Amino acid sequence: MSQAVKETSHFPTEMKRQAYKMVINGEAVEAGSKDTITVYNPATGEAIASVPKADKADVDRAVEAARQAFDHGKWKKSPVGKRSRVLNKIAAIMRKRFNELVELEILNSGKTLMAAQGQVMQAIEDFEFYAGAIVGHRGAVNNVPGPFFNYTQKEPIGVAGQIIPWNYPIMMAAWKIAPAIATGCSVVLKPASLTPITAIILTEICHEAGVPAGVVNVITGPGAKIGTYLVEHEGIDKIAFTGETTTGKDIMAKASQTLKRVTLELGGKSPNLVFPDADLDGAVDGSLFGIFYNTGQSCEARSRLFVHESIYDQFMEKFIGKTKKLTLGDPMSQSTHVGSIISQAQVDAIHDYVESAKAEGATVAAGGDQVKVEGYENGYWYAPTIITGVTNDMKVAQEEIFGPVVVVMSFKDEKEAVKLANDTKYGLAAAIWAKDQGLIKRVSDKIQAGIIMVNTPFSAFPGTPFGGYKQSGFGRELSIESLDLYTETKSVLSYIGGKPLNPFNL
Ligand code: NDP
């Protein structure tokens, strides 16, 4: 295929083939069974490290450590200023180790330098955001009829079980850990088995910054076994999960047995709407980034592109032309646009979708196949792919592909654009490209999604709520709202009248 290819580069050898350990109660530990999981670099297919393969007994150890830290430790009672300082220190250490974290993230995920730099920086800023936000997170004095006095206070929920996916390893770990420990909760974090490395390093950094032992624990192992066990565990008070919608449903059902608090950040099939008055070049460039950033392995990837019929041909000529110019190759090169896919299984799943689209009568306008990239022949790569001639009822338009594949449709007016955008079980994000402010407001109001991007491909910064409507989950991360989701609200109502109350009048 005609995709441009970049030269190879080599990672520092000391980062390869390390045997990483879990972190339980502040100590680096192996699994009780001593079993391990091999970790790969998906860009090259080579084994780079191993992590412990935890079983239920290891989960028990981690939950016990977190429980002890929460029930008997000082963290949750420490002055908010202290917790804030520690969060800032975590961020400061991450800043010092920025290049190392970026390289490890690339090595373990196959993402590009540009993507990894942005995501590590966002993880850092997340800790800084919550270091500030927690200071202002407080209860209230409420209006009640006299002679009563009522105040509410925020109290940490307890021990949070946190389960994260492979597409944004360090960013997801930061999204989960930062608000939880800011509120005083303790944490047992389970990263994805494919990408566990930076979550382990981040946990070590938390301890170096002064988080007491037991407050942040990380366990590694198969989600279907230890993730499930964590969800069902009596010692866990809340589950925060990011991953597939089907896994989220399973987790919600299992967590209901102990009435755990649950927040779910799930999949998406986000629409990208280009209206006729949009800045055409800006919309082309933004739409390109909206789908192909992070190799399309983003929950908020704008994977359904809707273009007004009056500009469709003009838009598509540019969009297809630029897609074909995207560079695959050395993930460490600043000029590489698209990294590798996380695994061969994911490549196969992506390709099945492309084949299903063809079988349903759609056309592949760019890409459409696995590619061999020079210097990375054993890695997992898929060409940036555009599928046209699609209708919104096709499988490829309804199911999350989680790869560099965009399906394109045209629309005739605002009403049809909104209808098509909302015709999905998901509701995570949507992008609008237009100049007419009235139209932008109307469409934003009508779209059922938690995140609307107007004339920008960027979906979120620390401080902006991130989460979905419908089957994209519930709860919000990255923002002040998350602090409420790691706390209970206690209402204290006091009678302050002089004469004792005697409601039964006896
Ligand atoms: P999965 O749901 O397969 O896995 C996510 C995590 O859950 C992994 O740590 C996994 O462990 C674990 N897990 C798997 N099965 C279970 C189970 N039965 N019980 C408990 N834990 C389990 O998702 P992916 O890793 O494939 O991630 C991609 C998905 O994440 C996409 O759907 C994407 O849209 C979504 N996502 C959503 C975001 C959002 O904010 N809305 C952000 C980023 C991604 P293991 O790795 O060991 O299998």
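The model shown is predicted, which means the values in this text are computed figures rather than measured ones.

Caption draft 1: Quick peek at the packing of aromatic side chains. Taken as a whole and judged by the stated rule, the model has 10 aromatic pairs. Aromatic pair Phe 129 and Tyr 130: ring centres 4.9 Å apart, planes at 75 degrees, arrangement edge-to-face. Side by side, Phe 129 and Tyr 130 carry an identical accessibility label, which is buried. An aromatic cluster is defined as three or more aromatic residues linked by ring pairs; in this entry it consists of Phe 289, Tyr 293 and Phe 458. The cationic tip of Lys 76 hangs over the ring face of Phe 70; the distance from NZ or CZ to the ring centre is 4.2 Å.

Caption draft 2: Up close: helix α6 (residues 197-208). For α6, which comprises 12 residues, the first-to-last C-alpha distance of 17 Å matches the rise-based estimate of 16 Å (1.5 Å per residue) to within 8%. With respect to burial, α6 is a largely interior element, 10 of its 12 residues being buried. Where α6 is concerned, the buried positions are Ile 197, Thr 198, Ala 199, Ile 200, Ile 201, Leu 202, Thr 203, Ile 205, Cys 206 and His 207. One or two steps after α6, the chain reaches Gly 210, where phi turns positive at roughly 115 degrees.

Caption draft 3: Broad picture of a nonpolar patch on the surface. There is a patch of nonpolar side chains on the surface, built from Val 141, Phe 149 and Ile 496 and spanning about 290 Å² of accessible area. A relative accessible area of 55% means that Ile 496 is categorised as exposed.

Caption draft 4: Structural detail: the UniProt feature "active site" (unreviewed entry) in the chain. Under the present numbering, the feature "active site" (unreviewed entry) in UniProt falls on Glu 265. Residue placement: Glu 265 occurs in strand β13 (residues 261-265). A residue is classified by how much of its surface remains accessible, and Glu 265, at 5% relative accessible area, is buried. Setting aside residues no more than four positions away along its own chain, Glu 265 makes contact with Phe 241, Thr 242, Gly 243, Phe 466, Gly 467, Gly 468, Ser 472, Gly 475, Arg 476 and Glu 477.

Caption draft 5: A look at the UniProt feature "domain: Aldehyde dehydrogenase" (unreviewed entry) in the chain. UniProt's entry tags residues 32-492 with the feature "domain: Aldehyde dehydrogenase" (unreviewed entry), counted in the numbering of this structure. Summarising residues 32-492: 41% helix, 21% strand, and an end-to-end C-alpha distance of 45 Å.

Caption draft 6: A look at the site of the ligand. Lining the immediate surroundings of the ligand are 30 residues, of which Ser 193, Thr 247, Leu 266, Cys 299 and Glu 400 lie closest. One of the side-chain N or O atoms of Ser 193 is found 2.5 Å from an oxygen atom in the ligand. Between an oxygen atom of the ligand and a side-chain N or O atom of Glu 400, the distance comes to 2.6 Å. When the free accessible area of the ligand is taken as 910 Å², the share hidden by the protein chains comes to 89%. Breaking the shell around the ligand down by element, the ones donating at least two residues are α7 (223-232), β12 (238-242) and α8 (245-255). Broken down by element, the residue count for the shell around the ligand peaks at 4 residues, all from α7. When the residues that make up the shell around the ligand are grouped by side-chain class, the tally is 15 nonpolar, 10 polar and 5 charged.

Reading the values: rules and limits
As a convention, each chain's residues are numbered from 1 in the sequence order in which they are written. The predicted origin of the model limits local features to residues at a pLDDT of at least 70 and limits the giving and counting of side-chain atom pairs to 80 or more, whereas totals for whole chains, interfaces and linings rest on all residues. Only heavy atoms go into the side-chain values, all of them from the structure, while hydrogens and water stay out. Note on ring pairs: Phe, Tyr and Trp rings are taken, using the six-membered ring of Trp, and paired if centres are within 6.5 Å. Classes follow the plane angle, with under 30 degrees stacked, over 60 edge-to-face and the rest tilted. Only protein chains enter the area calculation, which uses a 1.4 Å probe; residues under 20% of their type maximum are buried, those over 50% are exposed, and those in between are partly exposed. Only when the NZ atom of a Lys or the CZ atom of an Arg is both within 6 Å of the ring centre and within 35 degrees of the ring normal do we say a charge sits over the ring. Comment: elements are numbered from the N terminus, with helices defined as DSSP H or I runs of at least four residues and strands as E runs of at least two. Here, expected helix span is obtained from the residue count minus one, scaled by 1.5 Å. Candidate patch residues must exceed 30% relative accessible area and have no salt bridge, after which like charges are joined if within 9 Å and Val, Leu, Ile, Met, Phe, Trp or Tyr side chains if within 5 Å. Only the protein chains shown count as cover for residues, and the accessible areas themselves come from Shrake-Rupley with a 1.4 Å probe. Salt bridges are counted wherever a side-chain nitrogen of Lys or Arg sits within 4 Å of a carboxyl oxygen of Asp or Glu. UniProt positions are given in the numbering used here, feature names are shortened, and annotations may be inferred rather than shown by experiment. Residue contacts are counted whenever heavy atoms from the two residues lie within 4.5 Å of one another. Put simply, a residue is near a molecule or strand once any heavy atom of it comes within 4 Å of that molecule or strand. Polar contacts, as counted here, are pairs of nitrogen or oxygen atoms within 3.5 Å of one another; within protein the pair requires one atom able to donate a hydrogen and one able to accept it, and residues that are adjacent in sequence qualify only if both atoms are side-chain atoms. The nonpolar class holds Ala, Val, Leu, Ile, Met, Phe, Trp, Tyr, Cys and Pro. Asp, Glu, Lys and Arg form the charged class, and all remaining residues, Gly among them, are polar.

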